[in-house]
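The residues making up each chain are set out below.
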Amino acid sequence: MEVTSIQNGIIIDHVPAGTALKVLEYLKINPAKTKLALIMNTDSHLYGTKDIIKIEDEDGKKGPSVDLDVLGLVARTATVGIVRGGRIVEKKTPTLPEHVVNILTCRNPRCVTTTERGIEQMFHLTHSERQEYRCDYCDEEAKL
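Here is what the cut-offs are and how they apply
- Residues numbered from 1 in each chain as written.
- Predicted model: local features only at pLDDT ≥ 70, side-chain atom pairs only at ≥ 80, totals over all residues.
- Heavy atoms only, no water.
- Pairing = 2+ DSSP bridges.
- Helix = DSSP H or I, 4+ residues; strand = E, 2+ residues; numbered from the N terminus.
- Axes fitted to C-alpha atoms, helices over the stretch in contact; angles between N-to-C directions.
- Buried < 20%, exposed > 50% of the residue type's maximum accessible area, 1.4 Å probe, protein only.
- Contact = heavy atoms within 4.5 Å.
- UniProt positions renumbered as here; feature names shortened; annotations may be inferred.

S.K.: So what exactly am I meant to see when it comes to the sheet that holds strand 1 (residues 9-16) here?
M.R.: By definition, the strands of a sheet pair up through backbone hydrogen bonds, in either a parallel or an antiparallel sense. A sheet is described by the order of its strands in space; here 5 strands give the open sequence 2-3-1-4-5, paired in antiparallel fashion. Two strands close off the open sheet at either side, each with one partner strand: strand 2 (36-44) and strand 5 (87-92). Pairs of neighbouring strands in the sheet enclose a mean axial angle of 20°, with direction left out of account. As judged from the 7 bridges shared by strand 2 and strand 3 (residues 48-56), these two strands associate in the antiparallel manner. Paired with L36 across the strands is I55, a residue of strand 3.

In structure tokens form, the structure reads like this:
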């Protein structure tokens with residue numbers, strides 16, 4: 001299989017195999033309205049298999065944006081390559097964020113965020129190795 005290179009945009013590489021659609025969902029990227037290539041379960045020297053997401057920037061000016069905090073949360077091993085003129089000009093590596101807002105939702109039915117409208121869903125990192133986040137309001141563990 002051959003996928004051509006992009007001239008301007010971003011390449012999200014080293015996405016854990018089979019999770020590219022989940023990554024697009026969390027990043028709020030609509031595949032129906034975005035020019036992208038989705039490569040799933042391709043060979044990887046580091047991980048065995050991986051997914052790759054290529055997002056073309058049609059006007060070549062502002063460039064698509066990716067929230068590195070969200071990416072660090074859902075695809076910790078991913079890398080982001082910024083492409084200009086067909087070449088990668090910058091590489092970014094997401095990190096696990098210490099605090100996330102309105103990305104996760106609390107599953108505790110008694111939490112103030114589920115009973116009251118308009119309250120932000122805020123979680124803090126409690127254990128980085130297990131990727132454990134807890135609600136700032138009720139201390140319920142988040143499920144990814």
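S.K.: Hey, could you run me through unusual backbone geometry in this one?
M.R.: With the exception of glycine, the majority of residues adopt a negative phi angle, and the majority of peptide bonds are in the trans configuration. For N102, which is not glycine, the phi dihedral falls at a positive 60°. Residue placement: N102 occurs in the loop between strand 6 (99-101) and helix 3 (112-115). Note on N102: relative accessible area 40%, which makes it partly exposed. Positive phi values are uncommon outside glycine, yet Q131 reaches one of about 50°. Within the element layout of this structure, Q131 appears in the loop between strand 7 (122-127) and strand 8 (132-135). Residue class for Q131 comes out partly exposed when judged on its relative accessible area of 25%.

S.K.: Would you mind showing me how to read the environment of Y137 here?
M.R.: Looking at where Y137 falls in the secondary structure, it is placed in the segment after strand 8. Given a relative accessible area of 39%, Y137 falls into the partly exposed group. For Y137 and E98, which are 39 residues apart along the polypeptide, the C-alpha to C-alpha distance reads 16 Å. The contact partners of Y137, leaving out residues within four places of it in the chain, are C111, V112, T113, I119, E120 and M122.

S.K.: Can you help me understand the pairing of strand 4 (residues 79-84) in this one?
M.R.: Remember that side chains alternate between the two faces of the sheet whenever the strand is regular. Among the 6 residues of strand 4, 5 are classified as buried, and the element is accordingly described as predominantly covered. In the sheet, strand 1 pairs with strand 4 via 5 bridges, with the strands oriented antiparallel. Within the sheet, the bridge partner assigned to G9 lies in strand 4 and is V83. As paired strands, strand 4 and strand 5 are joined by 5 bridges and run antiparallel to one another. If you follow G81 over to strand 5, its bridge partner there is K91. Count of turn residues in the strand 4/strand 5 antiparallel hairpin: 2 residues, of which G85 carries a positive phi of about 60°.

S.K.: Where do I start with the UniProt feature "domain: Aspartate carbamoyltransferase regulatory subunit C-terminal" (unreviewed entry) in the chain in this structure?
M.R.: In this structure's numbering, the residues bearing the UniProt feature "domain: Aspartate carbamoyltransferase regulatory subunit C-terminal" (unreviewed entry) are residues 100-141. With 10% helix and 29% strand, residues 100-141 has end C-alpha atoms that lie 13 Å from one another.

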